[in-house]
There are 2 protein chains.
Amino acid sequence: MNGIEQDQYYMELAIEEAEKAAAKGEVPIGAVIVHDGKVIARAHNLRETTQNAVTHAELLVIQEACSQLGSWRLENTHLYVTLEPCPMCAGAILQSRIPRVIYGARDAKAGSVDSLYRLLNDDRFNHQCDVKENVLADECGQLLTNFFRALRENKKKKRKQL
Amino acid sequence: MNGIEQDQYYMELAIEEAEKAAAKGEVPIGAVIVHDGKVIARAHNLRETTQNAVTHAELLVIQEACSQLGSWRLENTHLYVTLEPCPMCAGAILQSRIPRVIYGARDAKAGSVDSLYRLLNDDRFNHQCDVKENVLADECGQLLTNFFRALRENKKKKRKQL
């Protein structure tokens with residue numbers, strides 16, 4: 001596989017994670033971390049299930065990777081995530097020193113890698129990342145669009161039943 | 001107690017947490033969350049102990065408060081922390097909808113509430129906070145100064161012994 005195919009391959013795995021989230025009624029966002037070419041952590045958003053505000057896919061996958069490597073420094077890792085990280089998750093990426101981040105769709109409402117802020121490329125912090133966006137962005141975005149459409153339709157149905 | 005005394009009282013508890021961190025060789029930062037006037041969570045930085053990049057005092061105290069209240073929405077809470085939050089922790093404060101944040105000392109290197117960014121007061125996000133800084137800031141800052149001074153002196157001693 002060349003670099004582009006590799007990025008698409010790992011993003012497919014992140015999309016599988018996002019699909020697991022959707023199946024649980026969670027906003028479908030998924031992430032994986034690859035270390036020296038091996039997937040060491042997979043996670044999906046679990047905010048509603050856990051009722052824990054910090055259980056975004058990225059926070060969970062970072063914690064699993066720290067546990068796997070026995071270190072808070074995630075050197076030689078790549079993080080794949082279906083949606084542009086929010087400030088919390090971008091901050092966690094900086095804290096864990098992940099050198100490369102690949103994401104699918106942009107998030108115009110809270111994205112803090114390119115949309116609202118560029119937190120991963122601010123040289124005032126003690127870490128910066130190599131960032132690649134737009135990998136399978138249509139599939140990643142479509143999952144979210146479908147999820148929120150179904151949510152709205154369910155709400156409409158319920159209102160009609162009242 | 002009036003409002004100022006109350007804020008100092010709870011910041012003292014956050015300082016006690018920071019002291020617990022220092023005793024473990026952790027960068028001394030502590031936090032507490034108060035809900036309707038009652039302390040529901042206390043935590044201190046545990047990054048070295050856990051080797052988990054996201055175990056800052058704020059992330060830990062937010063998770064404990066979510067667990068205590070059974071909800072990711074930390075309504076009617078105040079978060080007290082000895083140091084200005086980094087982007088990850090400021091982001092977690094937004095995610096958990098904490099309405100009021102009180103901190104001690106500014107962090108010129110990574111502070112993202114007043115110093116480098118003003119993440120808690122950006123009306124493009126779906127939540128903003130009431131922020132108060134400079135509560136027992138000298139004590140909070142002194143803990144960090146003492147910690148890093150002792151660390152440097154220990155390193156010097158070790159070098160001399162080689």
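All figures in this text were calculated on a predicted structure; none of them were measured in a lab.

### Here we look at the relation of the copies chain B and chain A
1) Next: Mapping chain B onto chain A calls for a screw motion: a turn of 180° about the axis and a shift of 0.0 Å along it, with 0.0 Å RMSD after fitting. This pairing of chains is accounted for by a two-fold axis. Taking C-alpha positions as reference, the residue of chain B nearest the rotation axis is Met88(B), located at 2.0 Å.
2) Next: Looking at chain B, 100% of its interface residues are interface residues in chain A too, so the copies touch through the same face.

### Concerning unusual backbone geometry
1) Next: Unusually for a residue other than glycine, Leu136(A) sits at a positive phi of about 50°.
2) Next: You can see Leu136(A) is positioned in the loop between strand S5 (130-132) and helix H5 (137-161).
3) Next: The buried category is assigned to Leu136(A), whose relative accessible area is 14%.
4) Next: Phi is positive for Asp36(B), close to 50°, though the residue is something other than glycine.
5) Next: Locating Asp36(B) in the fold gives a position in the loop between strand S1 (30-35) and strand S2 (38-44).
6) Next: With relative accessibility at 60%, the residue Asp36(B) sits in the exposed group.

### Quick look at the side chain of Asp107(A)
All names here are of chain A.
1) Next: Tracing the backbone shows aspartate 107 in the loop between strand S4 (100-105) and S5.
2) Next: Buried within the structure, aspartate 107 lacks any salt-bridge partner; its nearest side chain of opposite charge belongs to lysine 109, at an N-O separation of 7.0 Å.
3) Next: Among the polar contacts listed, one links the side chain of aspartate 107 to the backbone nitrogen of alanine 110, at a separation of 3.5 Å.
4) Next: With sequence-adjacent residues up to four places away left out, aspartate 107 is seen in contact with Leu83, Glu84 and Ser115.

### Section: helix H4 (residues 87-95) of chain A
Every α-helical turn comprises 3.6 residues, leaving residues that sit three or four positions apart pointing alike.
Residues and elements named next belong to chain A.
1) Next: Taking burial as the measure, the nine residues of H4 include nine buried ones, the bulk of the element.
2) Next: What H4 keeps buried is the set Pro87, Met88, Cys89, Ala90, Gly91, Ala92, Ile93, Leu94 and Gln95.
3) Next: Arginine 97 sits one or two residues past H4 and shows a positive phi near 60°.

### What about the UniProt feature "domain: CMP/dCMP-type deaminase" (unreviewed entry) in chain A?
1) Next: Mapped onto this numbering, the UniProt entry annotates "domain: CMP/dCMP-type deaminase" (unreviewed entry) at residues 5-114 of chain A.
2) Next: The span residues 5-114 of chain A carries 41% helix and 24% strand; its end-to-end C-alpha distance comes to 23 Å.

### Let's talk about the pattern of salt bridges
Opposite charge on two side chains lets them pair, provided their charged atoms get close.
1) Next: As enumerated under the stated definition, the model contains 16 salt bridges over all chains in all.
2) Next: The residue Arg124(A) makes a salt bridge to Asp122(A) at a minimum N-O spacing of 2.8 Å.
3) Next: When its relative accessible area of 8% is taken as the criterion, Asp122(A) is described as buried.
4) Next: One salt bridge in this structure joins Arg100(B) and Asp130(B), with 3.5 Å as the shortest N-O distance. Of this pair, Arg100(B) sits in strand S4 (residues 100-105) while Asp130(B) sits in strand S5 (residues 130-132), and the two are 30 residues apart along the sequence.
5) Next: Given the relative accessible area of 17%, Arg100(B) is considered buried.

### A few points about the environment of Arg42(B)
All names here are of chain B.
1) Next: Considering the arrangement of structural elements, one finds arginine 42 in strand S2.
2) Next: Its relative accessible area of 43% is what places arginine 42 among the partly exposed residues.
3) Next: Put simply, arginine 42 and leucine 60 are 18 residues apart on the chain and 8.2 Å apart in space, counted from C-alpha to C-alpha.

### Some thoughts on the interface of chain B and chain A
1) Next: Taken together, the contacts link 31 residues of chain B with 31 residues of chain A.
2) Next: Summed over both sides, the interface of chain B with chain A buries roughly 2,800 Å², with 62% coming from carbon and sulfur.
3) Next: For the chain B face of the interface with chain A, the top three residues by lost area are Trp72(B), Gln95(B) and Tyr117(B), together amounting to 23%.
4) Next: Taken together, the connections running from chain B to chain A amount to zero salt bridges.
5) Next: The tally of links between chain B and chain A comes to 11 residue pairs in polar contact (both at pLDDT 80 or more).
6) Next: Of all the elements in the fold, those that place two or more residues in the side of chain B that touches chain A are helix H2 (47-50), helix H3 (57-69) and helix H4 (87-95) of chain B.
7) Next: A per-element tally of the side of chain B that touches chain A places H4(B) first, with five residues.
8) Next: Here the side of chain B that touches chain A is built from residues that sort into 15 nonpolar, 10 polar and six charged.

### Side note on the packing of aromatic side chains
1) Next: One pass over the full model with this rule turns up nine aromatic pairs over all chains.
2) Next: Seen in terms of ring centroids, Tyr9(A) and Tyr10(A) are 5.2 Å apart; in terms of plane orientation they differ by 70°. Their pairing is edge-to-face.
3) Next: Of the aromatic side chains, those joined through ring pairs into one cluster are Tyr117(A), Phe125(A), Tyr117(B) and Phe125(B).
4) Next: Residue placement shows Arg124(A) over the ring face of Tyr117(B); its charged tip is 5.1 Å from the ring centre.

About the cut-offs
- Residues numbered from 1 in each chain as written.
- Chains lettered and ligands numbered in written order.
- Predicted model: local features only at pLDDT ≥ 70, side-chain atom pairs only at ≥ 80, totals over all residues.
- Heavy atoms only, no water.
- Least-squares fit on C-alpha atoms with pLDDT ≥ 70 in both.
- Contact = heavy atoms within 4.5 Å.
- Helix = DSSP H or I, 4+ residues; strand = E, 2+ residues; numbered from the N terminus.
- Buried < 20%, exposed > 50% of the residue type's maximum accessible area, 1.4 Å probe, protein only.
- Lys, Arg positive; Asp, Glu negative; His and termini not counted.
- Salt bridge = Lys/Arg side-chain N within 4 Å of Asp/Glu carboxyl O.
- Polar contact = N/O pair within 3.5 Å; in protein donor to acceptor, adjacent residues only side chain to side chain.
- UniProt positions renumbered as here; feature names shortened; annotations may be inferred.
- Buried area = accessible area lost by both parts, 1.4 Å probe.
- Nonpolar A, V, L, I, M, F, W, Y, C, P; charged D, E, K, R; others polar.
- Phe/Tyr/Trp six-rings, centres within 6.5 Å; stacked < 30°, edge-to-face > 60°.
- Lys NZ or Arg CZ within 6 Å of the ring centre and 35° of its normal.

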